[in-house]
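If you want the building blocks of each chain, they are given just below.
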Amino acid sequence: MPALDYEKAADILAELFAKAEDSFQGNTTPTVETAIQDAADRLFASSTQSYREALIGCGLARMLDRSINIRHPYMSHGVDAFNGRTLDEKVVNPFLQDRMIPCSKGPYLASFRRSVDFTPATSVGLRDKEGYNALLDYVSALEAANESEARGLILYLLYRFVVLRDAANIQLSRISRLSLEQYQALVGRLLQVQSGGLIPVLLSVAMLHTIKACYGLPWKIEWQGINVADKASGVGGDITVTQDGNVILAIEVTERPIEKARVVSTFNTKIVRGGIEDYLFIYSSSLPTDDARQAARTYFTQGHEINFLQVAEWIVNNLGTIGAKCRTIFTQEVLALFGRRDVPAVVKMSWNDIVKELISA
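Residues numbered from 1 in each chain as written. Predicted model: local features only at pLDDT ≥ 70, side-chain atom pairs only at ≥ 80, totals over all residues. Heavy atoms only, no water.

Novice: Just give me the short version of the overall build of the protein, but keep the residues and values in it.
Specialist: From N to C terminus, the protein includes 15 helices and 5 strands. Here the C-alpha radius of gyration of the protein, 26 Å, is well above what a compact globule of 361 residues would show, namely 21 Å. Principal axes of the C-alpha set define a box for the protein whose edges measure 85 × 40 × 35 Å. Put simply, the protein has 361 residues, and 51% of those count as buried. Partitioning the contacts of the protein with sequence separation of at least 6, the portion at a separation of at least 24 is 72%. A total accessible area of about 17,300 Å² is found for the protein, and carbon and sulfur atoms account for 48% of it. Separation of charge centres in the protein, based on 37 positive and 41 negative side chains, amounts to 5 Å. (Helix = DSSP H or I, 4+ residues; strand = E, 2+ residues; numbered from the N terminus. Rg over C-alpha atoms; globule rule 2.2 N^0.38 Å. Buried < 20%, exposed > 50% of the residue type's maximum accessible area, 1.4 Å probe, protein only. Contact = heavy atoms within 4.5 Å. Areas by Shrake-Rupley, 256 points an atom, 1.4 Å probe, with all protein chains shown as cover. Lys, Arg positive; Asp, Glu negative; His and termini not counted. Charge placed at Lys NZ, Arg CZ, Asp CG, Glu CD.)

Novice: Summarise helix α9 (residues 198-215); cite the residues concerned and give the values.
Specialist: Taking 1.5 Å of rise per residue, the 18 residues of α9 would be expected to cover 26 Å, and the 26 Å separating its terminal C-alpha atoms lies within 8% of that figure. Counted residue by residue, α9 has 13 buried out of 18 residues, so it is predominantly covered. (Expected span 1.5 Å × (residues − 1).)

Novice: Residue-level account of the packing of aromatic side chains, with values.
Specialist: Applying the stated criterion across every chain, the model contains 15 aromatic pairs. An aromatic cluster is built from Y51, Y74, Y108, F112, F118 and Y132, whose rings are joined through pairwise contacts. (Phe/Tyr/Trp six-rings, centres within 6.5 Å; stacked < 30°, edge-to-face > 60°.)

Novice: I'd love a proper account of the sheet that holds strand β2 (residues 239-243), names of residues and values included.
Specialist: Spatially, the 5 strands line up as an open sheet ordered β1-β2-β3-β4-β5, and their pairing is mixed. Edge strands, defined here as strands with exactly one partner in the open sheet, are β1 (220-223) and β5 (305-310). Within this sheet the neighbouring strands show an average axis-to-axis angle of 20°, counted without direction. In terms of strand pairing, strand β3 (residues 246-254) meets strand β4 (residues 278-283) through 5 bridges, oriented parallel. Looking across to β4, one finds that T254 is bridged to Y283. The strands touched by helix α11 (residues 260-274) are β3, β4 and β5; relative to β4, the strand with the most contacts, the crossing angle is about 135°. (Pairing = 2+ DSSP bridges. Axes fitted to C-alpha atoms, helices over the stretch in contact; angles between N-to-C directions.)

Novice: I'd like to hear about the packing of helix α3 (residues 49-64) against helix α7 (residues 147-167), residue by residue, with values.
Specialist: Interhelical geometry of α3 versus α7 gives an angle of 155° and a closest axis separation of 10 Å. Taken together, α3 and α7 sit at an angle that is classed as roughly antiparallel. Remark: the crossing between α3 and α7 carries left-handed chirality. Every residue of α7 that contacts α3 at R52, E53, L55, I56, G59, L60, R62 and M63 is listed here: E147, A150, R151, I154, L157, L158, F161 and L164. A per-class count over the contact of α3 with α7 returns 10 nonpolar, 1 polar and 5 charged. (Parallel < 35°, antiparallel > 145°, perpendicular 65-115°, else oblique. Left-handed = near helix turned anticlockwise from the far one by under 90°. Nonpolar A, V, L, I, M, F, W, Y, C, P; charged D, E, K, R; others polar.)

Novice: Give a description of the environment of E143 that names residues and reports values.
Specialist: Inspection of the secondary structure puts E143 in helix α6 (residues 129-144). Accessibility expressed as a relative area gives 31% for E143, which makes it partly exposed. Sequence separation of E143 and L358 is 215 residues, and the distance between their C-alpha atoms is 45 Å. Residue contacts for E143: discarding those within four places in its chain leaves R62, N69, I70 and R71.

Novice: I'd love a proper account of the environment of L43, names of residues and values included.
Specialist: Among the structural elements, L43 can be located in helix α2 (residues 34-45). Given the relative accessible area of 0%, L43 is considered buried. Taking the C-alpha atoms as reference points, L43 and L135, 92 residues apart in sequence, are found 6.8 Å from one another.

Written out as structure tokens, the structure reads:
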């Protein structure tokens with residue numbers, strides 16, 4: 001009988017899931033045939049989680065050994081069978097649990113007991129026949145696929161799990177207090193997460209709300225999503241701070257390099273039109289070029305301040321001076337922003353992973 005390499009199965013699952021996450025973040029759906037998309041739609045519309053979870057194991061078994069009959073998930077089925085329950089318990093279910101994907105305790109503890117196989121006859125004893133038939137359609141596609149095609153089918157299936165997770169309300173790990181050193185590590189690690197620029201914005205907004213609360217400032221802080229054009233929305237930047245109806249600070253949070261052309265464009269299209277006297281570029285890592293700084297000095301003589309701050313340094317320096325009570329406010333603000341339903345699951349997962357490592361350390 002075929003002996004599955006569970007360590008290799010875990011490696012394949014981790015590799016393909018990472019690619020599925022990249023596709024989701026890049027708004028790029030893995031390409032599969034329409035029939036597979038339809039089968040996946042029915043699988044993920046089903047309330048029976050076991051169907052889609054068992055399918056991951058079938059796909060991995062297909063990748064590991066083509067001599068396996070992936071319709072036979074119990075060793076009692078014969079010499080071409082595989083141990084679906086062990087594969088699920090050793091690899092698949094722990095992986096889903098670790099990645100905080102909504103899942104059952106295991107398909108072989110719920111829907112597929114008593115040595116059932118993945119054939120049409122099994123549907124007789126199942127309530128959700130539509131979902132089970134979708135599983136069979138996917139199994140048929142895996143059977144007919146070569147190695148490359150099988151990888152594509154598993155990748156698409158995992159992509160749909162990423163979509164499922166993103167629609168779920170992932171709970172953030174709560175922290176009551178951190179040392180300044182831990183805050184520095186937390187901010188630094190968060191800024192390394194690929195978020196399309198969202199994390200720097202969230203951290204900056206949290207810091208501004210903290211300063212407002214800490215010093216009792218009469219600020220109104222407005223911010224927008226990273227994909228909303230400033231020009232279209234009529235604001236001067238990603239974050240706008242107003243007081244008594246007047247803009248006192250406009251902020252652009254960026255991960256892109258800041259060059260002279262960008263400073264000039266910002267001045268002409270936002271600063272002058274909005275009558276903004278104080279404009280701030282908060283950047284993640286790419287330092288402003290010398291000619292960008294020179295352009296800012298030129299505009300200073302015209303009554304408009306354009307300044308540049310590195311986001312991690314700005315946040316940590318503020319945290320170091322506002323005191324422990326206000327650092328707790330910052331934590332609360334970050335949790336509130338990261339916990340929003342429109343924040344991608346991968347960002348929340350990154351928060352949980354980093355906090356777990358910091359606390360354990």
